[in-house]
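An overview of the molecular structure
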Amino acid sequence: MPDPDSYDIAVSGAGMVGAALALALAREGWRVVVAERRSAAACAASDPYQRISLVNAAAAEFLTDLGIDVISLGTPVVRMRVWDQEWPGSIQLDAEDQGLQRLGYMVENRRLEQALHGALRRSGAALHYDTQWQAGPLQDNYRLLYDGRGTRIVASLLAIAEGRESSLRDQCAPAPIWREDYRQQAITATIWTERPHAGVAYQRFLPTGPLAVLPFSDDAEGRPRASIVWSARNRLARQLLALPDAQFLCRLQESFGAQLGRFTAIGKRGHHRLSALHLSRYRGERVVVLGDSAHGVHPLAGLGVNLGFRDVAALRLVLLEAQRQRRDWGSAQVLAQYEARRRPDNLITVLTCGALNHLFSNRSTALAGLRDIGLLGSNLIPPVKAFFIRQATGL
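The following paragraphs examine the structure supplied in this document. (Residues numbered from 1 in each chain as written. Predicted model: local features only at pLDDT ≥ 70, side-chain atom pairs only at ≥ 80, totals over all residues. Heavy atoms only, no water.)

Here we look at the overall build of the protein
Within the protein, the secondary structure is distributed over 12 helices and 20 strands. Each of the 395 residues in the protein was classed as buried or not, and the buried ones make up 55%. Carbon and sulfur atoms make up 51% of the accessible area of the protein, which amounts to about 17,100 Å² in all. (Helix = DSSP H or I, 4+ residues; strand = E, 2+ residues; numbered from the N terminus. Buried < 20%, exposed > 50% of the residue type's maximum accessible area, 1.4 Å probe, protein only. Areas by Shrake-Rupley, 256 points an atom, 1.4 Å probe, with all protein chains shown as cover.)

Overview of the side chain of Asn346
Relative to the assigned elements, Asn346 resides in helix H10 (residues 332-360). Using a relative accessible area of 0% as the deciding quantity, one classes Asn346 as buried. Polar side-chain contacts of Asn346 include one of 2.7 Å to the side chain of Arg342. (Polar contact = N/O pair within 3.5 Å; in protein donor to acceptor, adjacent residues only side chain to side chain.)

With respect to the nonpolar core
By size, the foremost hydrophobic cluster in this structure holds 74 residues, and its most contacted members are Val32, Ile68 and Leu112. If you tally residues by element for this core, the top one is helix H1 (residues 16-26), at 10 residues. When residues no more than four places from it in sequence are discounted, the contact partners of Val32 are Tyr7, Ile9, Val11, Ala22, Leu25, Ala26, Ala125 and Ala126. (Core = buried A, V, L, I, M, F, W, Y, C linked by side-chain atoms within 4.5 Å. Contact = heavy atoms within 4.5 Å.)

What to know about the layout of surface pockets
Approximately 230 Å³ is the volume found for the second largest pocket. If you trace the second largest pocket, you find 15 residues lining it, with Ala57, Ala60, Glu61, Arg102 and Tyr105 closest to the centre. The element contributing the most residues to the lining of the second largest pocket is helix H3 (residues 57-65), with four residues. Of the residues assigned to the lining of the second largest pocket, the class counts are eight nonpolar, four polar and three charged. (1 Å grid on protein atoms, 1.4 Å probe; cavity = no way out; pocket = protein on both sides within 12 Å on 5 of 7 lines; lining within 4 Å. Points joined across faces, edges and corners; volume = space filled by probe spheres on them. Nonpolar A, V, L, I, M, F, W, Y, C, P; charged D, E, K, R; others polar.)

Overview of the packing of H1 against helix H9 (residues 304-324)
The contact between H1 and H9 brings their axes to 9 Å, and the two run at 25 degrees. By the angle class used here, H1 and H9 are roughly parallel. Crossing angle aside, the handedness with which H1 passes H9 is right-handed. Counting all contacts with H1, which are made through Met16, Val17, Ala20, Leu21, Ala24 and Leu25, the residues of H9 involved are Val305, Gly308, Phe309, Val312, Leu315, Arg316 and Leu319. Class assignment of the residues belonging to the contact of H1 with H9 gives a composition of 11 nonpolar, one polar and one charged. (Axes fitted to C-alpha atoms, helices over the stretch in contact; angles between N-to-C directions. Parallel < 35°, antiparallel > 145°, perpendicular 65-115°, else oblique. Left-handed = near helix turned anticlockwise from the far one by under 90°.)

Brief notes about the side chain of Ser227
When you line up the elements, Ser227 lands in strand S15 (residues 225-233). Among the residues examined, Ser227 registers a relative accessible area of 3% and is labelled buried. Non-local contacts of Ser227, meaning those with residues more than four positions away in its chain, are made with Gln50, Ile52, Ala189, Thr190, Ala212, Val213, Leu214 and Phe216.

Brief notes about the sheet that holds strand S7 (residues 104-108)
On the basis of which strands lie adjacent, the open sheet formed by three strands has the order S3-S7-S4 and antiparallel pairing. This sheet does not close on itself; its edge strands, each paired only once, are strand S3 (52-56) and strand S4 (74-77). Between one strand and the next, the sheet's axes are offset by a mean angle of 30 degrees, whatever the strand orientation. Relative to S7, S4 runs antiparallel, the two being bridged by four bridges. Each residue of the ladder has a partner; that of Gly74, found in S7, is Val107. The sheet strands contacting helix H5 (residues 109-122) are S3 and S7, and the helix crosses S7 at an angle near 90 degrees. (Pairing = 2+ DSSP bridges.)

Points about H9
With 21 residues, H9 ought to run about 30 Å at 1.5 Å a step, and its terminal C-alpha atoms sit 31 Å apart, in line with that. Looking at the residues trailing H9, positive phi occurs at Arg326, about 60 degrees. (Expected span 1.5 Å × (residues − 1).)

Some points on the environment of Leu279
Relative to the helices and strands, Leu279 is located in strand S17 (residues 270-279). Separated by 100 residues in the primary sequence, Leu279 and Arg179 place their C-alpha atoms 8.9 Å from one another. Among residues more than four places away in sequence, those in contact with Leu279 are Arg169, Ala175, Pro176, Ile177, Val289, Ser293, Ala294 and Arg343.

Examining the packing of aromatic side chains
Centre distance and the angle of the planes are the two values used to describe a pair of aromatic rings. Applying the stated criterion to the full structure yields five aromatic pairs. Seen from their ring centres, Tyr202 and Phe256 are 5.4 Å apart, and the 85 degrees between their planes marks the pair as edge-to-face. A residue pair is termed long-range when its members are at least 10 positions apart, and Tyr202 in strand S13 (residues 200-206) and Phe256 in helix H8 (residues 245-256) qualify at 54 residues. Assigned by exposure class, Tyr202 and Phe256 land together as buried. The rings of Tyr202, Phe256 and Phe263 are connected pair by pair, giving a single aromatic cluster. (Phe/Tyr/Trp six-rings, centres within 6.5 Å; stacked < 30°, edge-to-face > 60°.)

Points about the pairing of strand S9 (residues 134-139)
Here S9 pairs with strand S10 (residues 142-146) via four bridges, running antiparallel. Directly across from Gln134, in S10, lies its bridge partner Tyr146. Between S9 and S10, which follow one another and run antiparallel, lie two residues, and Asp140 among them has a positive phi close to 55 degrees.

Focus: the pairing of strand S2 (residues 32-35)
Remark: a regular strand shows side chains that alternate across the two faces of the sheet. Side chains Val32 and Val34 of S2 all project onto a buried face; the interleaved residues Val33 and Ala35 project onto the opposite face, where all are buried too. With four bridges connecting them, strand S1 (residues 5-12) and S2 associate as parallel partners. Residue pairing in the sheet places Ile9 in a bridge with Val32 of S2. As for the winding sense of the linkage, the β-α-β connection from S1 through H1 to S2 is right-handed. When S2 meets strand S8 (residues 126-128), the two strands line up parallel, connected through three bridges. If you follow Ala35 over to S8, its bridge partner there is His128. (Right-handed = clockwise from strand over helix to strand, strands pointing away.)

Everything listed here is a matter of geometry and, on its own, says nothing about what the molecule does.
This is the structure in structure tokens:
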């Protein structure tokens, strides 16, 4: 059997987070190999659901440093408005109030992923599609990996960014996982609106779950569009998904209001189950876990992918520091530094997003009054409002 190919870093998963990590390290001169279970054709195809993420200001700056033109990919967000259906309190977050040009960008996930893949190929990293690794035994200071087609590789460090249900994580870094099922579905779609969004991201809390109407690019004919993420309890979600487009738009309009005028059309609707997870340990023997493989949040705050980009930035710094100090950068001691930097922040965010979802998706009059006081306070007390903006921008 031929000797295995040797790399510094093996990254399992070429989604946004995994591809960003591979690109960040390849640009530093590391020998990087990436495995992606999907085919090249599937990754190159457009997403019929046009799923999007809020890439906050800090993440946008990080991606720009990697050579990704976030401005051309995304739609700027300059303001957020958050309010409750049943009470008058609201939060309005303005980038200008904090001396910022924008809070971030709404970016279509697939387009950002494709930009990262293109940059990754140009960086000289090895990107293998239709590939899912299985772990072999540890060999000295290396991880041995098999691809199922007879190819073997060894790497000083394996980084796992495969998503929430990662078999390689469970195999190489087994650890207790805290999970919570929110008993909600997120309905996603692109809608056409009578009036342009003007860079405002809206989020309205309903008794059955939050409804986000987010800035999106105009269509080819210049007609204004927005992207929705409607989190609804399972039974209601099933009812909404069963409705014809016209009836669904009527229900959406009733739930959201007239801020963008009339909703005139809708694209293909997607949906997925909402839950949270957090891994009790982010590392194994020459293995590190990041992104959704390590943590998953409720989408109400739009923080999921940004937490993953923070993981990437922190891991890059830890590895580069170890390399400069001539330390074994795949060792448990070095990986513990990454875990210490990222796990507390991720845990707090996961729990906070879950608590906010429970607070605002509750019909209790006492809780509604409490959250309304909080919303009013956030608008009236500048430091509190600034805190929310910092969370939204990542700065």
